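Descriptive analysis of the structure
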Amino acid sequence: MKNKWLSVLFKKIAAFFISIWVLSAIVFFLSRITPIDPLQSYYGERVEKMSEEQKDSARERLGLNDPIPVQYVRWLKLALSGDFGISYKYKQDVTIVIKERIQNTLILGVLSYVILFIGALLLGLLCAWNENKFADRLIVRLGTIASCIPEFWMALILIFVFSVLLGWLPASGAYSIGGGSLLDRLRHLVLPLIASVAGHLWYFAYMVRNMLCEETRSEYIVLARAKGTKDSTILFRHCLKNVLPAYISLMAVSVAHILGGTYLVEAVFGYPGIGMLTYESAKTSDYNMLMVLCLLTGVVMIAANTIAELVNSRLNPKMSSEKHIMKRKKVPFLSFVLLGILIMGCVFVPFFCKDASYMDLMNCSRAPGREFFFGTDTMGRDLFSCIWHGGRVSLTIGFLSAAISAVIAVLYGTASALSPAWLDRLLMRLVDVLLSVPSLLLVLFVQAVFGKNIIGMSAAIGLCGWFSMAKIVRTQAKTVKESGFVTASQCMGGGFFHVLYWHLAPNFLPSILFMIIMSVRTAIAEESTLSFLGLGLPIETISWGSMLALSQNAFVMRAWWMILIPGLFLILLFLCLTEIGSWCQERMNHKKRQM
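Residues numbered from 1 in each chain as written. Predicted model: local features only at pLDDT ≥ 70, side-chain atom pairs only at ≥ 80, totals over all residues. Heavy atoms only, no water.

**Side note on the side chain of Ser112**
- Relative to the helices and strands, Ser112 resides in helix α5 (residues 94-129).
- Residue classification places Ser112 among the buried residues on the basis of a relative accessible area of 2%.
- One polar contact links the side chain of Ser112 to the main-chain carbonyl oxygen of Leu108, over a distance of 2.7 Å.
- If near-sequence neighbours (up to four positions away) are discounted, Ser112 is found in contact with Leu193, Ser196 and Val197. (Helix = DSSP H or I, 4+ residues; strand = E, 2+ residues; numbered from the N terminus. Buried < 20%, exposed > 50% of the residue type's maximum accessible area, 1.4 Å probe, protein only. Polar contact = N/O pair within 3.5 Å; in protein donor to acceptor, adjacent residues only side chain to side chain. Contact = heavy atoms within 4.5 Å.)

What follows is the structure in structure tokens.
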């Protein structure tokens, strides 16, 4: 038994280092194929005054004239000795710049993680204790709404209320100028902590609730109740003890998700950490720094996943997060109707709205009223028109990205399922490596290749959003693959696409319908986040995210409608998609249970 455990440990460690090497190769090549000239990042506007000879000399000094594989081998040799290159923006070794920021991220990240771990556990216990009662249904409903609020919009609301209106808490930074006391640092941490925790709290609390509710239906629990054991004893002494290993494993593999949210919160609050450094690097096209930050994040994620896998192999917990222990959902008619209104409004916007790009400079920052239903922004644009024109862009990106992700996931997952065992493991390991990096970081690299336009943004998000879906497709396809009709089709000469179209897809597409619907929501959220940060669509291309990019001016003028109205439309859309997706998933699960 001990030798078997050591063998598993050795394989995991080997896979860990191989994954890091693959990740380093991916992010290096992505950083080098971007069309942006590194000299532009290094020299800024001065590069325009340089002669061709000076540019060639600068590229030679920076090692940019060699082929990309040669550059990678040279970089890898230096990286193994601790030299990761220089930052084009800061003109310093990237490790020096990162060391100055990483402490702040560790403080915010660790505190967020601990609060999230304890808070989600307590909230899940409260729901399980009141299962299907009013308190449970209320918390579930509020949690669903909270999970549909974009993190950056929640951060904006917190800044507007507690910093701009009330003046209770600072809006940015890690400490005040001339300050730095413990109390001052804690005051600067309050709002970022709330934004970081609130964005993820319900997801993990819901997982805890479901696992606890399923555990209470176990045979030994039924026997304990028959013996007269108190419900509190059953829940806290028995159920919680058996659920904790699964919960710990879930939290471990979710580090990437949580850390990605922390990065975003840092960028919104101007908190000087790794997230803010990532934002600044992307803004100035410092892809050398961005590459190292992406690699650093990936190493942390891969390490967390490896530890979680080792814990699972020791404890072998039952992960029951896919089972929703609630009454069967009714058809969400209201969500279908509201989604239909949003889509129809965005499609037929030219018939009832004026040109959203028109700037009425005489009516800048006007509050909502009879003339302007939703008010105007700082450029004098009518927000009512912008909402519907911007919704058309956001929905286009959402549906197009989801289609791209679904096609790639189906092809990749099916190919992996039908491949030999060694190739199947290799393809899934590659997916795990890509999943170790927050998707927004990958989108930044890919978007630099395709450009900042609607098609380029859709392609970038779609190409970076298929990884989880491919794993589900692969699992479903392997199950169907063992069926006799698939084997018979292959024996009769049926090719890959024939088997996929006629036999595999009809069986697994209903199972991934929920993920396809949610990928629409994810794509719109990512576009909105990047556009809000100024890293996505340009401000002249109206989308719900680019509308929120004017929030800094809204703070100064206390123009609440510029922040509130686009955010509410985003939340409404996310709620509709979530309700419809959950209903589809529950319906599929119900059909499976009847089979």
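**A short note on a nonpolar patch on the surface**
- Taken together, the side chains of Ile102, Leu106, Val110, Val114, Ile118 and Leu122 present a nonpolar region at the surface, about 520 Å² in accessible area.
- With respect to the element layout, Val110 can be found in helix α5.
- By relative accessible area, Val110 is classed as partly exposed at 48%. (Patch = residues over 30% accessible without salt bridge, like charges linked within 9 Å, V, L, I, M, F, W, Y side chains within 5 Å. Areas by Shrake-Rupley, 256 points an atom, 1.4 Å probe, with all protein chains shown as cover. Salt bridge = Lys/Arg side-chain N within 4 Å of Asp/Glu carboxyl O.)

**Topic: the confidence of the model for the protein**
- Confidence in the prediction of the protein, expressed as mean pLDDT, is 79, and 87% of residues score 70 or more.
- Note on residues 316-326: pLDDT is under 50 here. Beyond four places in sequence and across chains, it has 29 contacts. (pLDDT = per-residue confidence, 0-100.)

**Some points on the side chain of Ser416**
- The residue Ser416 is located in helix α15 (residues 383-418) in this model.
- Those residues in contact with Ser416 that sit more than four places away from it in its chain are Asp424, Leu427, Met428 and Arg474.

**Structural notes on the state of the cysteines**
- Here the structure, examined in full by the defined rule, presents zero disulfides.
- Between Cys464, a cysteine without a disulfide, and Cys294, which holds the nearest cysteine sulfur, the sulfur-to-sulfur distance is 9.8 Å. (Disulfide = S-S within 2.5 Å.)

**Some words on the nonpolar core**
- Among the nonpolar cores identified, the biggest contains 124 residues, and Phe152 and Trp388 are the most heavily contacted of them.
- The element that contributes the greatest number of residues to this core is helix α25 (residues 560-594), accounting for 15 residues.
- In this view, Trp388 contacts Ile341, Leu342, Gly345, Cys346, Val349, Phe352, Cys353 and Phe569; residues no more than four positions away in its chain are not counted.
- Grouped together as the second largest cluster of nonpolar side chains are 30 residues, Ala120, Cys127, Ile139 and Cys213 included. (Core = buried A, V, L, I, M, F, W, Y, C linked by side-chain atoms within 4.5 Å.)

**Re the packing of aromatic side chains**
- Inspection of the entire model under this criterion finds 21 aromatic pairs.
- Ring plane angle 45° and centroid distance 6.1 Å describe the contact between Phe162 and Trp168, whose orientation is recorded as tilted.
- Classification of Phe162 as partly exposed rests on a relative accessible area of 27%.
- A ring pair is formed by Tyr412 and Trp466, whose centres lie 4.8 Å apart and whose planes are at 50°; its orientation type is tilted. You can see Tyr412 sitting in helix α15 and its partner Trp466 sitting in the loop between α18 (454-463) and α19 (467-481), a full 54 residues away along the chain. Side by side, Tyr412 and Trp466 carry an identical accessibility label, which is buried.
- Within the aromatic cluster, the residues linked to one another by ring pairs are Phe373, Phe374, Phe384, Trp388, Trp544 and Phe569. (Phe/Tyr/Trp six-rings, centres within 6.5 Å; stacked < 30°, edge-to-face > 60°.)

**Looking at α18**
- The buried fraction of α18 is high, at seven of ten residues.
- Residues of α18 that are buried include every one of Gly456, Met457, Ser458, Ala459, Ala460, Ile461 and Gly462, and no others.
- On its buried side, α18 packs onto α15, α17 (439-450) and α22 (513-532).
- By the N-cap criterion, in which a side-chain oxygen at the helix start approaches the backbone nitrogen of a residue two or three places on, α18 is capped by Asn453, the distance to Ile455 being 3.3 Å.

**Observations regarding the packing of α5 against helix α8 (residues 182-215)**
- Two elements in contact, α5 and α8, have axes separated by 6 Å at closest approach and are oriented at 40°. Considering only the axes of α5 and α8, their crossing is right-handed. (Axes fitted to C-alpha atoms, helices over the stretch in contact; angles between N-to-C directions. Left-handed = near helix turned anticlockwise from the far one by under 90°.)

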